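Observations on the three-dimensional arrangement
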Number of protein chains: 2
Amino acid sequence: MALPVGVTEEQFNTAIEKFKAAVGAEWVFTEEEDVVLYRDAYSPMYDEDSELMASAAVAPASVEEVQEIVRIANELRIPIYPISTGMNLGYGGSAPILNNSVVVDLKRMNKIIEVDDVRHFAIVEPGVSYFDLYRYIVEHDLDVWIDCPDPGWGSIVGNALDHGVGYTWGHYRDHFRAHSGLEAVLANGELLRTGMGALPGAKTWGEFHYGFGPQVDSLFAQGNAGIVTKMGIHLMPRPETYRSGQVTVPRRADINALVRIVNDLEDQGLVGMPRYSSPMNAVRDEGLSALVNAPDGWDGDAIDAWAQEHGHMYWGVLLQFYGPERTTLATWEYAKEKIAAAIPGAVFEDRELYKMPMTDEQMHNADHRVSLGIPQLEIFSIGARTATNPTPRDGHLWFAAVIPRSGEGVLEAQEVMAKAFREAGMPPMFGPFSTPATWMYHTFIFITGFPVVKGNAEVARQNREGFSRIIEIARQHGYGEYRAPPAFVDEIAGAYNFNDNALLRLNETIKDAIDPNGIIAAGRGGIWPKHLRKS
Amino acid sequence: MALPVGVTEEQFNTAIEKFKAAVGAEWVFTEEEDVVLYRDAYSPMYDEDSELMASAAVAPASVEEVQEIVRIANELRIPIYPISTGMNLGYGGSAPILNNSVVVDLKRMNKIIEVDDVRHFAIVEPGVSYFDLYRYIVEHDLDVWIDCPDPGWGSIVGNALDHGVGYTWGHYRDHFRAHSGLEAVLANGELLRTGMGALPGAKTWGEFHYGFGPQVDSLFAQGNAGIVTKMGIHLMPRPETYRSGQVTVPRRADINALVRIVNDLEDQGLVGMPRYSSPMNAVRDEGLSALVNAPDGWDGDAIDAWAQEHGHMYWGVLLQFYGPERTTLATWEYAKEKIAAAIPGAVFEDRELYKMPMTDEQMHNADHRVSLGIPQLEIFSIGARTATNPTPRDGHLWFAAVIPRSGEGVLEAQEVMAKAFREAGMPPMFGPFSTPATWMYHTFIFITGFPVVKGNAEVARQNREGFSRIIEIARQHGYGEYRAPPAFVDEIAGAYNFNDNALLRLNETIKDAIDPNGIIAAGRGGIWPKHLRKS
């Protein structure tokens, strides 16, 4: 049996027996056939000795059982790693960050406690998935939408705690920011409620996120302050209509005006998530390839000239409007006018228009259902086996760097990141047609799925080294990642090192004070307990 | 000389000399004529022995000077109380919570570091007021608006750190939520940057609020984790137009449908801050007065019947629209249709319509300039001497309780709060026509200014006891305050006592770890250092 570092077999076995007494033997998993289910299917060290694994798992059914688990772990110094539904593929799945931790699997705690479609919030347990809440809302015919990330099987609580994102409106798709209040079990086994939940009898837990005094909630997100057992989340009222319109603009330099105008629209709340793209990505031409893949980097002007000469548009953005039909139409017309005035040659195309509630057929045929608050699993078509992709890769690691939200910022990030891949000796994953992801409100993120290769330790090692190298080069240019695969959490956190890691040291000071034995989610957010700290 | 508790005269004098060496003698204030300027003009203990006072003040000009002050305070155990511009009237002004603390006055640190009108943020020091930033934006002709609270002399940083609010769009008027990253001096004198500011060279400090790992920023708001020396804040793009429309509805029960529809509009981002009112407040009639002031509480149905009989409308709400002219018109028409369909007898009136930029005359004549992002001091007309108010009161304490955001919530809060005032033996400040403040997004707040009386200790004492009693009765009904005058901070924080004050205990644990000598802002957020803790 693999044991967590510093834990004796006797300690471990005692803990397992106590866990069994606390939650019932059938909810404590120690057999390999069970524990293997907590592996990270996309681990960059898959099947290697260094793969991060759970030693066991325990699945409580109630807050009291979570408290009991934490008390046992504290007493016996067992590192535990809480997961909600345990998805989070590309960022570690359900495997712990500290090898051989005991996973605390919260999927049995799946109560939808309250959904209010006048005040627009839900209060849920960590085991509630987007599918679960969606089904509940449909069954009860409630006038609210959820904002979902790509995979609908994820946990609403877990996604928010990972700083996860969705696809609708700015202040709903930043899922942690859309939360309102939480309940958590602290490392000492105590139960905490934040926001208005701290005031017994308050009916406003899901509405007013601050309560009184400093808000501690954010210590639990991408952190390891405790185990969250309930959370409130703001929901979007079901709009009258959804409308989308595609904008394309001809020149490389048009990105500056395009981003400026779209930022204006979005920050006034006139559009939901803008979806940038480049039609150039679809162009297959040897001359263009030669320009793009020039060994010392591309010449943007030359590519621009090529595109003009061959009549290709350079950038696109899909604008998405939520609201009354006439409002969305007026805003779309306004967007066209603004863009047409600033960008000669811009082309506009009406796309989808749905009146709510949508018919089943409309939902089935919709272009991008998560933009309509409908949870999906269709993201898993990424990298799937197809005619043009006969040997799909084994998984991916997300690299997701925050860049400035301007056209200049995009053009610079393209060059920096392409150069980074060249320097790291990796095939390029960013190029002159790369566009930012815009899930996180007010923020551009350059994201790519690094390939995970299983069964070839040498290629896997090269990929890992490449990933590290890319993190480092990005850091040198002021780009940091917003989220981290566990194997790289220290490197990613380490880039946020202003004043000799002042932020990390504050986090460590807090961790030591509230979890002195360092039992909860060691390593999460780059924060290790004292006895495991490297420096 | 009045000394802070536990500090000897020698310690204190040594500290003063060291402060002088650190910032220059002219920026350390110990003479009564100077220190008196830090009194809370609205103190509920004004001129009484128990009035909370500064013992001295020190005004640093730089981050390094703040660090030096903190190190001196730490060495000599001097309690310090940071203020930004030191306004915050009705919630304590610039006086400390712990009597005889040394005020650290940050008003000299007033640099506007960056304003970006493409990416829509500013980065400012704590001494920058709304007036300052407004002037800067006008002078540089930038396409951004600020969201300001009522008094424009307040600090952008300070207001955000007090969970202050403004008047425009939901996600701008919650000022702390609109922040992005901060710099702070910790109790150990170390300098911290959060969010992307923790990554040296990042250009996205004012854009992406999380950075990586747990976000510690909120520990500094309504808390005492350190002294904030810089902060990023999201700004709203200047809209094409501002439009407002008044809705009035006839019946008391119409509040339910009205709030439901306005919540829908607001949570879809279609309107800015809704301004609820009741035309009944302006009705002067003895019969009505008798109904309202019935000794055991009013009969809502009887008042409703009286209003119907006399042809008065019961509720009003001003809807405010920001955006393109046609969008705002379409949304206003939509709002009318929705409300007319749900509430027979609803009346609609077009109010203001301004195309940006406004003329000076328009700005001068506008109904409510803070809704247009124009900082003011006109709030101070509240309670001023007028023909009908010949003996204005001496100040006010804000009582501001969070209630559910529904019509039922409003009607219940009216009764609960009116009863609370009767039980406390106070003149009623809430009645059957009271409507909620809606500054804080997703939240209704019942607010009233409790009179501050100077020069009559007995009346002042009665008022203080009344205030305490109201807090307690509100608590029993699940209502808690979102902000606290210093004299009542423990009572207000004490209502958030779930699980034997688990939240307070967590905050105390963190405080002890990061400020072991308890020097910074003792008592803020109800959090006291160990040596001053009551229990």
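What counts and how
- Residues numbered from 1 in each chain as written.
- Chains lettered and ligands numbered in written order.
- Predicted model: local features only at pLDDT ≥ 70, side-chain atom pairs only at ≥ 80, totals over all residues.
- Heavy atoms only, no water.
- Helix = DSSP H or I, 4+ residues; strand = E, 2+ residues; numbered from the N terminus.
- Rg over C-alpha atoms; globule rule 2.2 N^0.38 Å.
- Buried < 20%, exposed > 50% of the residue type's maximum accessible area, 1.4 Å probe, protein only.
- Contact = heavy atoms within 4.5 Å.
- Areas by Shrake-Rupley, 256 points an atom, 1.4 Å probe, with all protein chains shown as cover.
- Lys, Arg positive; Asp, Glu negative; His and termini not counted.
- Charge placed at Lys NZ, Arg CZ, Asp CG, Glu CD.
- Buried area = accessible area lost by both parts, 1.4 Å probe.
- Salt bridge = Lys/Arg side-chain N within 4 Å of Asp/Glu carboxyl O.
- Polar contact = N/O pair within 3.5 Å; in protein donor to acceptor, adjacent residues only side chain to side chain.
- Nonpolar A, V, L, I, M, F, W, Y, C, P; charged D, E, K, R; others polar.
- Least-squares fit on C-alpha atoms with pLDDT ≥ 70 in both.
- Pairing = 2+ DSSP bridges.
- Axes fitted to C-alpha atoms, helices over the stretch in contact; angles between N-to-C directions.
- Parallel < 35°, antiparallel > 145°, perpendicular 65-115°, else oblique.
- Left-handed = near helix turned anticlockwise from the far one by under 90°.
- Core = buried A, V, L, I, M, F, W, Y, C linked by side-chain atoms within 4.5 Å.
- 1 Å grid on protein atoms, 1.4 Å probe; cavity = no way out; pocket = protein on both sides within 12 Å on 5 of 7 lines; lining within 4 Å.
- Points joined across faces, edges and corners; volume = space filled by probe spheres on them.
- Phe/Tyr/Trp six-rings, centres within 6.5 Å; stacked < 30°, edge-to-face > 60°.
- Lys NZ or Arg CZ within 6 Å of the ring centre and 35° of its normal.
- pLDDT = per-residue confidence, 0-100.
- Expected span 1.5 Å × (residues − 1).
- Arc of directions from axis to C-beta.

**A few points about the overall build of chain A**
Within chain A one finds 15 helices and 18 strands. Computed over the C-alpha atoms, the radius of gyration of chain A is 24 Å, within 12% of the 24 Å expected from 2.2 N^0.38 for a compact globule of 535 residues. Principal-axis analysis of the C-alpha atoms gives chain A an extent of 75 × 55 × 50 Å. In chain A, which comprises 535 residues, the proportion classed as buried is 63%. Expressed as a percentage of contacts within chain A between residues at least 6 apart in sequence, the contacts between residues at least 24 apart total 72%. Total accessible area computed for chain A in this model is approximately 18900 Å², and 50% of it derives from carbon and sulfur atoms. When the 45 positive and 71 negative side-chain charges of chain A are each reduced to one mean point, those points stand 3 Å apart.

**Thoughts on the interface of chain A and chain B**
The interface is formed by 102 residues belonging to chain A together with 102 residues belonging to chain B. Together chain A and chain B conceal approximately 8800 Å² of surface at their shared face, both sides included; 63% is due to carbon and sulfur atoms. When the buried area of chain A at its contact with chain B is split by residue, A:Arg177, A:Phe212 and A:Phe498 rank highest and sum to 10% of it. The interface formed by chain A and chain B includes 8 salt bridges. Between A:Arg326 and B:Glu337 there is a salt bridge whose closest N-O contact spans 2.9 Å. For the interface between chain A and chain B, the tally reads 44 residue pairs in polar contact (both at pLDDT 80 or more). If you tally residues by element for the side of chain A that touches chain B, the top one is helix H15 (residues 498-514) of chain A, at 11 residues. Of the residues that constitute the side of chain A that touches chain B, the class distribution is 47 nonpolar, 34 polar and 21 charged.

**Thoughts on the relation of the copies chain A and chain B**
For these two chain copies, the linking operation is a rotation about an axis paired with a shift along it. Superposing chain A onto chain B takes a rotation of 180° plus a shift of 0.0 Å along the axis, which leaves an RMSD of 0.0 Å. Seen this way, the second copy is the image of the first under a two-fold rotation axis. Considering only C-alpha atoms, the part of chain A nearest the rotation axis is A:Thr327, at 2.5 Å. A share of 100% of the interface residues of chain A reappears at the interface of chain B, consistent with the copies meeting face to face through the same patch.

**With respect to the sheet that holds strand E17 (residues 444-451) of chain A**
Residue and element names in this part refer to chain A. Taken together, the 3 strands give an open sheet; going across it, the order is E17-E16-E18, and neighbouring strands pair in antiparallel fashion. Since the sheet does not close on itself, it has two edges, and those belong to E17 and strand E18 (480-481), each with one partner. Here 8 bridges tie strand E16 (residues 396-403) to E17, and the two strands are oriented antiparallel to one another. Within E17, the position partnered with His 396 by the bridge is Pro 451. This element, helix H12 (residues 407-423), spans E16 and E17 of the sheet and lies at about 25° to E17. Strand contacts of helix H13 (residues 457-476): E16, E17 and E18, with the helix running at about 5° to E16, the strand carrying the most contacts.

**Some thoughts on the packing of helix H12 (residues 407-423) of chain B against helix H13 (residues 457-476) of chain B**
Residues and elements named next belong to chain B. For the pair H12 and H13, interaxial distance at closest approach is 9 Å and the crossing angle is 140°. The orientation of H12 relative to H13 falls into the category oblique. When you trace H12 past H13, the crossing you get is right-handed. Facing H12, whose interface residues are Met 417, Ala 420, Phe 421 and Glu 423, H13 presents Arg 469, Ile 470, Ile 473 and Ala 474. Its residues assigned to classes, the contact of H12 with H13 comprises 6 nonpolar, no polar and 2 charged.

**Remarks on the nonpolar core**
Within the largest apolar cluster, 325 residues are counted, with the highest numbers of intra-cluster contacts made by A:Phe220, A:Met417, B:Phe220 and B:Met417. The residues contacting A:Met417, other than those within four sequence positions of it, are A:Phe399, A:Phe430, A:Phe446, A:Ile470, A:Ala474 and A:Tyr479. Among the nonpolar cores identified, the runner-up in size contains 25 residues, and A:Tyr354, A:Leu372, B:Tyr354 and B:Ala366 belong to it.

**Points about empty space enclosed by the protein**
Per the stated rule, a full pass over the model turns up 14 cavities of 30 Å³ or more. Within this model, the largest cavity holds a volume of roughly 190 Å³. Lining the largest cavity are 16 residues; nearest its centre among them are A:Arg177, A:His209, A:Gln215, B:Arg177 and B:Gln215. By residue class, the composition of the lining of the largest cavity is 4 nonpolar, 8 polar and 4 charged.

**A word on the packing of aromatic side chains**
A full pass over the atoms with the stated rule returns 42 aromatic pairs over all chains. Taking the centre distance of 5.6 Å and the plane angle of 75° together, the rings of A:Tyr276 and A:Phe444 count as edge-to-face. Of this pair, A:Tyr276 sits in strand E13 (residues 275-277) while A:Phe444 sits in strand E17, and the two are 168 residues apart along the sequence. The exposure class of A:Tyr276 is buried, given its relative accessible area of 9%. The buried category is assigned to A:Phe444, whose relative accessible area is 2%. Of the aromatic side chains, those joined through ring pairs into one cluster are A:Phe399, A:Phe421, A:Phe430, A:Phe446, A:Phe450, A:Phe467 and A:Phe488. Between B:Lys454 and the ring centre of B:Tyr46, over which it is positioned, the NZ or CZ distance is 3.9 Å.

**A look at the sheet that holds strand E6 (residues 121-124) of chain B**
Residues and elements named next belong to chain B. Here we have 5 strands laid out as an open sheet, ordered E5-E6-E10-E8-E9, and antiparallel in their pairing. Each end of this open sheet is capped by a strand with a single partner; those strands are strand E5 (112-116) and strand E9 (191-193). Shown here is a sheet whose adjacent strand axes are inclined to one another by a mean of 10°, direction ignored. Relative to strand E10 (residues 226-234), strand E8 (residues 179-186) runs antiparallel, the two being bridged by 6 bridges. Bridged to Leu 182 within E10 is Met 231. Taken strand by strand, helix H3 (residues 63-76) contacts E8, E9 and E10, and its axis lies near 45° from that of E8. On the sheet, helix H4 (residues 130-139) packs against E5 and E6 and is oriented at approximately 50° with respect to E5.

**Things to note about the confidence of the model for chain A**
With 100% of its residues at a pLDDT of 70 or more, chain A has an overall mean of 95. With pTM at 0.97, the complex prediction returns an ipTM value of 0.97.

**A word on the environment of A:Gln11**
Residue and element names in this part refer to chain A. Take Gln 11: it is sitting in helix H1 (residues 9-23). On a C-alpha basis, the gap between Gln 11 and Met 109 in space is 27 Å, while along the polypeptide they are 98 residues apart. Reaching out from Gln 11, the side chain makes a polar contact with the backbone nitrogen of Thr 8 at a distance of 2.9 Å.

**Points about the packing of helix H7 (residues 254-267) of chain B against helix H10 (residues 325-342) of chain B**
All names here are of chain B. Taken N-terminus to C-terminus, the directions of H7 and H10 make an angle of 155°; their axes are 10 Å apart at the nearest point. Classed by the angle they form, the pair H7 and H10 counts as roughly antiparallel. Crossing geometry of H7 relative to H10 is assigned as right-handed. Residues Ala 257, Leu 258, Arg 260, Ile 261 and Leu 265 of H7 touch H10, and the partners they reach there are Tyr 334, Ala 335, Lys 338, Ile 339 and Ala 342. For the contact of H7 with H10, the residue count by class is 8 nonpolar, no polar and 2 charged.

**Side note on H1(A)**
Residues and elements named next belong to chain A. Under the 1.5 Å per step criterion, the end-to-end length of H1 is 21 Å for 15 residues, consistent within 8% with the ideal 21 Å. Every buried residue belonging to H1 is among Phe 12, Ala 15, Ile 16, Phe 19, Ala 22 and Val 23, and all of these are buried. Projected down its long axis, H1 carries its buried residues within an arc of 125°, all on one side. Every exposed residue of H1 that faces more than 90 degrees away from the buried side is listed here: Glu 10 and Ala 21. Tucked into the core, H1 has its buried residues touching strand E1 (28-29), strand E2 (54-58), helix H3 (63-76) and strand E4 (101-105). The positive-phi residue at the C-terminal boundary of H1 is Gly 24, with phi of around 95°.

**Focus: the environment of A:Val402**
Relative to the helices and strands, A:Val402 is located in strand E16. Accessibility expressed as a relative area gives 0% for A:Val402, which makes it buried. For the pair formed by A:Val402 and A:Ile447, sequence separation is 45 residues and the distance between their alpha carbons is 8.8 Å. Aside from chain neighbours lying at most four places away, what touches A:Val402 is A:Thr443, A:Phe444, A:Ile445, A:Gly478, A:Tyr479, A:Gly480, A:Tyr482, B:Met196, B:Thr204 and B:Phe208.

**Quick notes on the pattern of salt bridges**
Tallied over the full model, the rule gives 72 salt bridges over all chains. Its salt-bridge partner being A:Arg39, residue A:Asp47 comes within 3.0 Å of it at the nearest N-O pair. Its salt-bridge partner being B:Lys336, residue B:Asp350 comes within 3.6 Å of it at the nearest N-O pair. Here the residue B:Asp350 occupies a position in strand E15 (residues 347-355), and B:Lys336 occupies one in helix H10, the gap between them amounting to 14 residues. Judged by relative accessible area, which is 18%, B:Lys336 ranks as buried.

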